Amino acid sequence: MTAVIDVHELTRRFGRFTAVDAISFDVKAGEVFGFLGANGAGKTTAIRMLIGLLTPTSGRASVAGFDVLTRAEDVRRRIGYMSQRFSLYQDLTVRENITLYGGIYGLSDAEIRGRGEALIEELELGHASLERVAALPLGWKQKLAFAVALLHRPAVVFLDEPTSGVDPITRRQFWEMIYAAAARGTTVFVTTHYLDEAEYCDRVSIMVDGRIGALGTPDELKRKYGDATLEEVFVRLARPAA
Amino acid sequence: MNTTALAAFMTKEVRHILRDRQTLTILLLLPLAMVVLFGYALRSDVNEVRLALVDPAPDYATAALRGRFAGNARFRIVATPETMAKLEPLFRRGDVDVAIVFEPGFAARLAEGTPARLLLVGDASDPNTGSTMQAYATAVIAGYQAELGSAGAGVQIVSRTRMRYNPTLESVNLFVPGLIALVLTLVSALMTAISLSREKERGTLEVLLVSPLRPWQIILGKVLPYLLLAFANVVTALLAAWVVFRVPFRGSLALLLVASMLYSMVSLALGVLVAAVTTSQRAAMIGALVGTMLPNELLSGMIFPISSMPDWLRPVTAVIPARWFIVIARGIMLKGVGLEYLWQAHLVLVLMLAVFLALAIRSFKPRLA
């Protein structure tokens with residue numbers, strides 16, 4: 001399996017402050033990769049460099065086979081992104097949002113119609129497809145945002161705290177969607193503050209003070225530090241940062 | 001592929017505009033409301049000037065002038081004191097706005113060809129109104145002189161003030177070009193700044209920047225629907241000005257529309273810039289108001305003539321886009337001139353557009369942080 005995300009000595013400084021300090025890791029195709037870390041550990045800075053919103057100070061990274069610095073256009077076409085903040089347009093209907101993002105990613109009208117119908121059916125949103133997104137409950141909005149981020153079938157999808165503020169049942173459904181996407185071959189790069197969710201990931205990395213403090217499968221990490229849960233591992237590693 | 005992306009983005013933008021009914025209604029009715037309001041209420045014309053005439057030795061010439069003032073709808077002769085001394089209390093009580101004092105032997109001097117003098121006294125406690133009233137009176141006197149002149153008599157010119165292009169001194173004629181600038185600034189700069197900063201605030205802009213859309217496509221998609229709205233506004237303002245106030249239109253309508261769109265694009269680029277440097281909708285709104293509306297309104301000559309500004313302030317007005325647009329609009333509408341006189345003002349606007357647009361696109365480079 002080739003690496004879909006390949007990060008080598010990636011560094012970002014803001015003035016004298018080093019937010020991300022020479023991190024290296026790779027993520028394989030179809031993997032669900034949990035990117036953990038306390039607030040301020042450098043997670044967001046790292047993601048922003050991977051999706052092309054921030055220029056690295058040094059080091060390199062490639063996503064979906066293209067260098068994020070020199071081939072940003074090619075990267076953008078092949079990734080999906082769901083930001084921490086809700087990213088659909090509230091004053092547009094479900095269908096209009098689908099048409100918009102399909103159009104932005106260059107899908108044909110037929111593709112947009114076909115995939116849009118499938119998506120609405122899968123999310124059981126048929127009754128609400130002509131309603132404005134603002135009228136939907138938060139959980140549905142989040143699921144819809146995720147489905148829309150997958151509409152153009154990206155190689156990698158970046159999810160930045162996708163389940164914050166969502167009820168446990170919706171969170172579970174959300175993770176089922178993540179698994180379904182991974183099963184179809186989409187690599188999922190997800191950040192979360194819920195460590196029970198991190199247990200669902202194939203592999204997790206824990207960032208501490210701009211570096212990767214630990215990386216491996218949840219079981220490997222628990223064994224290595226002799227803890228019963230990832231939460232204990234996380235607290236053990238993150239404490240020096242606090 | 002790029003065109004479908006742009007089309008999809010623009011469709012969304014049009015939907016935003018159409019869906020916000022209240023804002024849209026206000027924006028569409030705004031030019032109409034502004035033209036009518038400014039035209040009727042805020043005009044600097046003075047409708048009834050209370051006039052006192054001091055005419056110690058009436059003759060045919062002073063009688064003719066009196067007749068002209070009496071027949072002029074703007075003036076009402078309220079007093080005819082015999083001496084200047086009796087004029088003073090009238091002014092003090094505020095019963096009189098303007099007084100005209102003829103010297104004895106007025107007609108005889110006119111006939112001789114020596115300067116016939118009269119004194120024009122105005123209540124200038126409100127300087128603007130005062131000078132406006134004086135100007136009206138001067139215009140009436142000048143009209144009489146012209147009549148005498150055309151009759152062939154060698155009449156000496158007493159006043160050299162001439163009110164060209166706006167002989168009746170209708171301030172609404174001067175206001176309309178400024179109003180168009182104001183409405184365009186509002187729709188273009190303010191609305192784009194708000195709409196773009198809304199995307200920034202809600203996080204949707206981030207998603208757009210991660211998508212294959214390029215910065216220029218995002219800006220173009222944002223701006224084009226507002227340009228259409230701006231076009232509709234110019235047409236409404238011109239129609240309202242013509243239907244309600246019969247404001248003359250002497251030059252090329254096509255050229256004015258082109259100039260309006262040019263000015264609108266300059267404002268749109270400024271709106272994008274404002275949104276780029278601010279972090280919230282509220283800040284963007286204030287930024288657009290203070291950064292574009294206010295200077296365009298105050299320093300463009302729209303309301304306060306540039307010639308009456310202090311020396312150090314006058315050069316500053318050169319960087320105000322509305323200043324150049326107003327030169328163009330007044331030139332086309334009131335003087336009927338074309339590009340041969342207005343190319344410089346157009347050029348300035350084109351240069352401004354190039355600079356602001358480059359800055360706007362630069363400010364949207366996703367990797368700026």
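Just so it is clear, the structure is predicted and the values come from calculations on it, not from any experiment.

A. Structural context of the overall build of chain A. The helix and strand inventory of chain A stands at nine helices and ten strands. Overall, the C-alpha framework of chain A stretches about 50 × 40 × 35 Å when taken along its three principal axes. When burial is assessed residue by residue, chain A has 45% of its 242 residues classed as buried. Across chain A, the fraction of contacts at a sequence separation of at least 24, relative to all contacts at a separation of at least 6, is 67%.

B. Looking closely at the overall build of chain B. Looking only at helices and strands, one finds 13 helices and four strands in chain B. Out of the 369 residues belonging to chain B, those deemed buried represent 39%. Here the contacts in chain B between residues at least 6 apart in sequence split such that 79% fall between residues at least 24 apart.

C. Here's a closer look at the interface of chain B and chain A. Opposite the 23 residues of chain B that make contact, chain A presents 23 residues. Breaking the side of chain B that touches chain A down by element, the ones donating at least two residues are α1 (2-19) and α8 (204-210) of chain B. Residues that form the side of chain B that touches chain A fall into these classes: twelve nonpolar, five polar and six charged.

D. Summary view of the pairing of strand β7 (residues 156-160) of chain A. All names here are of chain A. Burial analysis of β7 places five of its five residues in the buried class, which makes it a mostly covered element. Here β7 shows a buried face lined by Val156, Phe158 and Asp160 and a second buried face lined by Val157 and Leu159. Of the strand pairs in this sheet, strand β6 (residues 79-82) and β7 are connected by four bridges, and their pairing is parallel. Paired with Met82 across the bridge in β7 is Leu159. For β7 and strand β8 (residues 187-191), the ladder comprises five bridges, and the chain directions are parallel. Bridge pairing in β8 places Asp160 opposite Thr191.

E. Seen up close, the packing of helix α10 (residues 253-277) of chain B against helix α12 (residues 321-335) of chain B. All names here are of chain B. Contact pair α10 / α12: the axes reach a minimum separation of 10 Å and the direction vectors enclose 170°. It follows from the interaxial angle that α10 and α12 lie roughly antiparallel. Contact residues: α10 offers Leu255, Leu256, Ala259, Tyr263, Val266 and Ser267, while α12 offers Pro321, Phe325, Ile328, Ala329, Ile332 and Met333. In terms of residue class, the contact of α10 with α12 is built from eleven nonpolar, one polar and no charged.

F. Highlighting the sheet that holds strand β3 (residues 32-37) of chain A. Residue and element names in this part refer to chain A. Spatial strand order, β6-β7-β8-β3-β9-β10: six strands in an open sheet with mixed pairing. In this open sheet, the two strands that pair with only one neighbour each are β6 and β10 (211-216). Strand-to-strand, the axes of this sheet are offset by a mean angle of 15°, without reference to chain direction. Inspection of the sheet shows β3 paired to β8 by four bridges, in the parallel sense.

G. Quick peek at helix α5 (residues 138-149) of chain A. If you check α5(A), its first and last C-alpha atoms are 16 Å apart, about what twelve residues at 1.5 Å a residue would give, namely 16 Å. Judged by how many residues are buried, α5(A) sits mostly within the fold: nine of twelve residues are covered.

H. Region of the structure containing the sheet that holds strand β3 (residues 98-102) of chain B. Residues and elements named next belong to chain B. Taken in spatial order, the four strands line up as β2-β1-β3-β4 in an open sheet, and their pairing is mixed. In this open sheet, the two strands that pair with only one neighbour each are β2 (75-79) and β4 (118-122). Adjacent strand axes in the sheet meet at a mean angle of 30° when their direction is disregarded. Docked against the sheet, helix α3 (residues 60-71) engages β1 (49-54), β2 and β3, running at close to 120° with respect to β2.

I. Representation of the environment of Ser24(A) within the structure. Residue and element names in this part refer to chain A. With respect to the helices and strands, Ser24 occurs in strand β2 (residues 17-28). On the basis of neighbour counts, which here come to 15 C-beta atoms within 10 Å, the residue Ser24 falls in the partly exposed class. Distance in space between the C-alpha atoms of Ser24 and Ala61 is 8.8 Å, their sequence separation being 37 residues. Those residues within four positions of Ser24 in sequence are excluded, and the remaining contacts are Val7, His8 and Glu9.

J. Inspection of the environment of Gln173(A) at higher detail. Checked against the element boundaries, Gln173(A) lands in helix α6 (residues 168-183). In this structure the C-alpha to C-alpha distance between Gln173(A) and Lys143(A), which are 30 residues apart in sequence, comes to 8.3 Å.

K. Molecular detail of the domain arrangement of chain B. Under the domain assignment, chain B is made up of domain 1 (28-42 + 170-368) and domain 2 (49-150). Inter-centroid distance (C-alpha atoms) of domain 1 of chain B to domain 2 of chain B is 43 Å.

L. Summary view of the packing of α12(B) against helix α13 (residues 339-363) of chain B. All names here are of chain B. Closest axis-to-axis distance for the α12/α13 pair is 9 Å, and the angle between their directions is 150°. With respect to α13, the element α12 is oriented roughly antiparallel. You can see that α12 and α13 cross each other, and the crossing is left-handed. Counted together, Pro321, Trp324, Phe325, Val327, Ile328 and Gly331 of α12 and Tyr341, Leu342, Ala345, His346, Val348, Leu349 and Met352 of α13 form the full contact between these two elements. A class-by-class count of the residues in the contact of α12 with α13 yields eleven nonpolar, two polar and no charged.

M. Representation of α12(B) in the model. Residues and elements named next belong to chain B. Over its 15 residues, α12 extends 21 Å from the first C-alpha to the last, a length consistent with the 21 Å expected when each residue adds 1.5 Å. Here α12 lies mainly inside the structure; 14 of its 15 residues are buried. At the exit of α12 stands Gly336, carrying a positive phi of roughly 70°.

N. Region of the structure containing unusual backbone geometry. Backbone geometry at Ala22(A) places phi at a positive 50°, although glycine is not the residue there. Looking at the secondary structure, you find Ala22(A) in strand β2. The backbone of Arg246(B) shows a phi angle near 55°, a positive value even though the residue is not glycine. Summarising the element assignment, Arg246(B) is placed in the loop between α9 (215-245) and α10.

Parameters and conventions
Residues take numbers from 1 onward in each chain, read along the sequence in its written order. As a convention, the first chain written is A and the first ligand written is 1, with the rest following in written order. In view of the model being predicted, local features appear only for residues whose pLDDT reaches at least 70, and side-chain atom pairs are presented and counted only at 80 or more, with totals across whole chains, interfaces and linings using the full set of residues. Here a strand is any run of E in DSSP of at least two residues, a helix any run of H or I of at least four, and the numbering for each starts at the N terminus. Burial is judged by counting the other C-beta atoms within 10 Å of a residue's own C-beta: 20 or more makes it buried, 12 or fewer makes it exposed, and any count in between marks it as partly exposed, with every C-beta position built from the backbone. Contact between residues is assigned whenever the C-beta positions, reconstructed from backbone atoms, fall within 7 Å. When residue character is reported, Ala, Val, Leu, Ile, Met, Phe, Trp, Tyr, Cys and Pro are called nonpolar, Asp, Glu, Lys and Arg charged, and the others, Gly included, polar. A pair of strands is labelled paired if DSSP reports no fewer than 2 bridges between them. Each axis is a line fitted through C-alpha atoms, and for a helix only the stretch in contact is used; angles between axes span 0 to 180 degrees, taken between their N-to-C directions. Relative orientations are named as follows: roughly parallel for angles under 35 degrees, roughly antiparallel for angles over 145 degrees, roughly perpendicular for angles from 65 to 115 degrees, and oblique for any other angle. In a helix, the anticipated span is given by 1.5 Å times the number of residues less one. An automatic or database domain assignment supplies the residue ranges for each domain. Each crossing gets its handedness from the near helix: less than a right angle anticlockwise from the far helix is left-handed, clockwise is right-handed.

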